[in-house]
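Spelled out from the first residue to the last, the chains are:
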Amino acid sequence: MYLVSHPDDLRYVLQSHPSEFRALDVPGSRDFMRVVRNSVVNLHEEDGWTRRIRLIGPEFNEQLVVPKTPEMVETTLATLAEFEGDDGGATRADPGAVPESVQVRAPDHDGVRLLPAMQRLTLRLLGVSLFGPDIRAQETEIIESVDGLRDLFKQRQTRLVASYVGRRLPDELHLPTFLQEGLGADPTIELGSRQDARIEAYVDQLVGAADAIIERRLRTPRAYDDALGTWLCRRDPVDGESLDPATLRQEVLGLLIAGHATVTAGMTWACYLLAARPEVQERIRAEARETELLAPHGEAACAVALGEEPATEDGESFIDALPYTRRVWQETIRLYPPLPVFGRTADTDTTVGGETLAEGTHVLISPYVTHRDPEFWDDPGTFDPSRFEPEAVAGRHELAYLPFSKGRHACLGETIATTEAVAALAALCSTYRVEFARPHDVAPDEFDPHEAPHVELDSAINLQPDRDLCVRFTPLE
Ligand code: HEM
């Protein structure tokens, strides 16, 4: 197994010689691939990727995604309104019986739990982009099962790494017995049946949610202007067939996983960085308030929107008017790439960066590592959105930044993710102040709401903070 991190070598693997590599084929990725099987997330050319892109691809293009921006702004504002108040919106945010793991309420802070809050927001944004607003009816099951699967995959990955290390440690180390057992106990790495059953239970829960979403849309496919309704009706121009129901269900399931946990992670890190930087919030706010969509009451643009002339701003001009907000998002996912590691397996003997790799060798690619390489990034640990000003981008190796990967199998949802995040950050900062929430056992005069609590990275498929961060969204005057 190799880690490929130099941009020249990444270009070789992803862009100039992709046919020498297949999808990463290690036990840790097989689990995930089993869950998203037969969705575009794990198809490659040989098993129908091109046909699938013909059937569902257009809905990921800028021309169809960007016009949904006003709806994304609306959804963000409506969701944030649920989190307002002295109790962090506890009662509004978790109205029914919501399992503890996905509860937004933070019982011991004067705010909300950031990760569940972003899970809820970004799932609704995915509804705007692809699946329609009624995805909300399945919100709790989807969040709970995607979260649960992540935890189980992480446990399994940890066991895999431990076992791999254990089998390679020299005998003369004389490790204590408990460590030897812990590290080397499971050379075949089979999943325990209990853990397996829990994975199946979460997959069943997700399948149930996907079925409910599809069944509703089957009743009135054209009632919403969403991708799902279009996919139900579209026929392949080559073979005249549409997607059969079982494939469509796998597609919904795969996209729920690929499109939700990633944007959630990015938005969580963005709020973490913003809460510590009121001046960055202020710049986003100033930019956002210049737009027609987010102009405050009484401003000129607001008068136009309400007055004799109809509003003229469409999604495209709105997003184009937010270059700083976009750079904050780009810098956030440079520092904390939501998918920190992915990979390929060599399909033939090949040479990368002067190393000869035999067929079957695994190649790991880590945006996290490349994004922090001092050869390409000055002071790489510092948050600095100006790295994404056009001149800075032009002077940098193109492959030094790859949060969405590059080449043929780069992220299909890049435009969706970017549009959702820029719209959501602009909407958030134009109307709210984001601060860290105060724990109830700390006195107000001893608490600095802009001091970022220390967090470690929790990496299992996506990259999240390793602890419950709590924030407060305070409405601006
Ligand atoms: C910040 C958010 C996101 C990040 C950082 C991200 C990152 C990535 C990366 C690195 C890959 C390539 C993985 C590989 O080659 O093994 C990928 C693939 C993919 N992503 Fe995303 N993603 C994001 C959001 C989304 C969204 C919102 C969707 C859908 C709504 C989506 C759908 C997909 C699909 C379908 C693929 C497989 C593409 C193919 O193989 O042709 N992603 N993503």
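Higher on the page you've got the structure.
Residues numbered from 1 in each chain as written. Predicted model: local features only at pLDDT ≥ 70, side-chain atom pairs only at ≥ 80, totals over all residues. Heavy atoms only, no water.

Visitor: How do you make sense of the overall build of the protein chain when you look at a structure like this?
Guide: The number of helices and strands found in the protein chain is 19 helices and 11 strands. Of all 477 residues assigned to the protein chain, the portion counted as buried reaches 50%. Long-range contacts, defined as pairs at least 24 residues apart, comprise 74% of the intrachain contacts of the protein chain with a sequence gap of at least 6. Accessible surface for the protein chain amounts to roughly 21700 Å². Of this, 51% is attributable to carbon and sulfur atoms. (Helix = DSSP H or I, 4+ residues; strand = E, 2+ residues; numbered from the N terminus. Buried < 20%, exposed > 50% of the residue type's maximum accessible area, 1.4 Å probe, protein only. Contact = heavy atoms within 4.5 Å. Areas by Shrake-Rupley, 256 points an atom, 1.4 Å probe, with all protein chains shown as cover.)

Visitor: Could you clarify how one ought to interpret empty space enclosed by the protein in this entry?
Guide: Empty space among the atoms becomes apparent when a probe as large as a water molecule is rolled across them. Counting across every chain of the model gives one cavity of 30 Å³ or more. Of the voids in this model, the largest cavity is the one considered here, and its volume is about 60 Å³. Taken together, Gln119, Val146, Asp147, Arg150, His260, Ala261, Thr264, Asn462 and Gln464 make up the full set of residues lining the largest cavity. Put simply, the parts of the chain that give the lining of the largest cavity at least two residues each are helix 8 (139–168), helix 12 (245–275) and strand 10 (462–465). When grouped by side-chain class, the residues that make up the lining of the largest cavity number two nonpolar, five polar and two charged. (1 Å grid on protein atoms, 1.4 Å probe; cavity = no way out; pocket = protein on both sides within 12 Å on 5 of 7 lines; lining within 4 Å. Points joined across faces, edges and corners; volume = space filled by probe spheres on them. Nonpolar A, V, L, I, M, F, W, Y, C, P; charged D, E, K, R; others polar.)

Visitor: What exactly am I supposed to notice about the pairing of strand 11 (residues 470–475) here?
Guide: Each regular strand shows side chains that alternate between the opposite faces of the sheet. Bridge analysis of strand 3 (residues 112–113) against strand 11 gives two bridges, and the strand direction is antiparallel. In the sheet register, Arg113 faces strand 11, and the bridge partner there is Cys470. As paired strands, strand 8 (residues 432–436) and strand 11 are joined by five bridges and run antiparallel to one another. Across the sheet, the residue bridging to Arg433 is Thr474, located in strand 11. (Pairing = 2+ DSSP bridges.)

Visitor: Could you clarify how one ought to interpret the packing of aromatic side chains in this entry?
Guide: Remark: the centre distance and the inter-plane angle together describe each pair of aromatic rings, the angle taken between the planes. For the structure shown, the criterion picks out eight aromatic pairs. Between Phe60 and Trp231 the ring centres are 6.2 Å apart and the planes differ by 20 degrees, which places this aromatic pair in the stacked class. Here Phe60 is found in the loop between helix 3 (49–56) and helix 4 (62–65), whereas its partner Trp231 is found in helix 11 (residues 227–233), with 171 residues between them in sequence. In this structure Phe60 comes out as buried when scored by relative accessible area, which is 6%. Classification of Trp231 as buried rests on a relative accessible area of 1%. Feature note: the residues Trp269, Tyr272, Tyr336 and Phe436 constitute an aromatic cluster, connected by ring pairs. In this arrangement the basic side chain of Arg372 is found over the ring face of Tyr336, its NZ or CZ atom lying 5.7 Å from the centre. Against the face of Phe388 rests Arg396, its NZ or CZ located 5.2 Å from the ring centre. (Phe/Tyr/Trp six-rings, centres within 6.5 Å; stacked < 30°, edge-to-face > 60°. Lys NZ or Arg CZ within 6 Å of the ring centre and 35° of its normal.)

Visitor: What exactly am I supposed to notice about the packing of helix 7 (residues 114–131) against helix 19 (residues 414–431) here?
Guide: Helix packing geometry: the angle between the two helix axes and the distance between the axes. Direction vectors running N to C along helix 7 and helix 19 enclose 125 degrees, while the axes themselves pass 11 Å from each other. Judged by the angle between their axes, helix 7 and helix 19 are oblique. Of the two possible hands of crossing, helix 7 and helix 19 adopt the one that is right-handed. Between helix 7 and helix 19, the residues in contact are Leu121, Leu125, Leu126, Ser129 and Leu130 and Ile416, Glu420 and Ala424, respectively. Within the contact of helix 7 with helix 19, the residues separate by chemical class into six nonpolar, one polar and one charged. (Axes fitted to C-alpha atoms, helices over the stretch in contact; angles between N-to-C directions. Parallel < 35°, antiparallel > 145°, perpendicular 65-115°, else oblique. Left-handed = near helix turned anticlockwise from the far one by under 90°.)

Visitor: Mind showing me how you'd approach the packing of helix 12 against helix 19 here?
Guide: For the pair helix 12 and helix 19, interaxial distance at closest approach is 11 Å and the crossing angle is 35 degrees. Viewed along their axes, helix 12 and helix 19 form a crossing whose handedness is right-handed. Between helix 12 and helix 19, the residues in contact are Val263, Met267, Ala270, Cys271 and Leu274 and Ala417, Glu420, Ala421, Ala424, Leu425, Leu428 and Cys429, respectively. Looking at the contact of helix 12 with helix 19 residue by residue, the class counts come to 11 nonpolar, no polar and one charged.

Visitor: For this particular structure, what's the right way to read the environment of Ala423?
Guide: Among the secondary structure elements, Ala423 is positioned in helix 19. Accessibility expressed as a relative area gives 0% for Ala423, which makes it buried. Residues Ala423 and Lys68, 355 residues apart in the sequence, show an inter-C-alpha distance of 10.0 Å.

Visitor: Just to check I follow, could you spell out the pattern of salt bridges for this structure?
Guide: For side chains of opposite charge, pairing can occur when their charged atoms come near one another. Taken as a whole and assessed by the stated rule, the structure comprises 26 salt bridges. For the salt bridge of Arg438 with Asp110, the shortest nitrogen-to-oxygen distance reads 4.0 Å. Linking Arg438 in the loop between strand 8 and strand 9 (457–460) with Asp110 in the loop between helix 6 (90–93) and strand 3, this pair joins segments that are 328 residues apart in sequence. For the pair Arg438 and Asp110, one class covers both residues: buried. (Salt bridge = Lys/Arg side-chain N within 4 Å of Asp/Glu carboxyl O.)

Visitor: Where do I start with the site of the ligand in this structure?
Guide: Taken together, 25 residues form the shell around the ligand, and within it Trp49, Thr262, Arg344, His409 and Cys411 come nearest. Trp49 has a polar side-chain atom sitting 2.8 Å from an oxygen atom of the ligand. Within the side chain of Arg344, one N or O atom sits 2.9 Å away from an oxygen atom of the ligand. Top element by residues in the shell around the ligand is helix 12. It accounts for five residues. The class makeup of the residues in the shell around the ligand is 19 nonpolar, five polar and one charged. (Near = heavy atom within 4 Å. Polar contact = N/O pair within 3.5 Å; in protein donor to acceptor, adjacent residues only side chain to side chain.)

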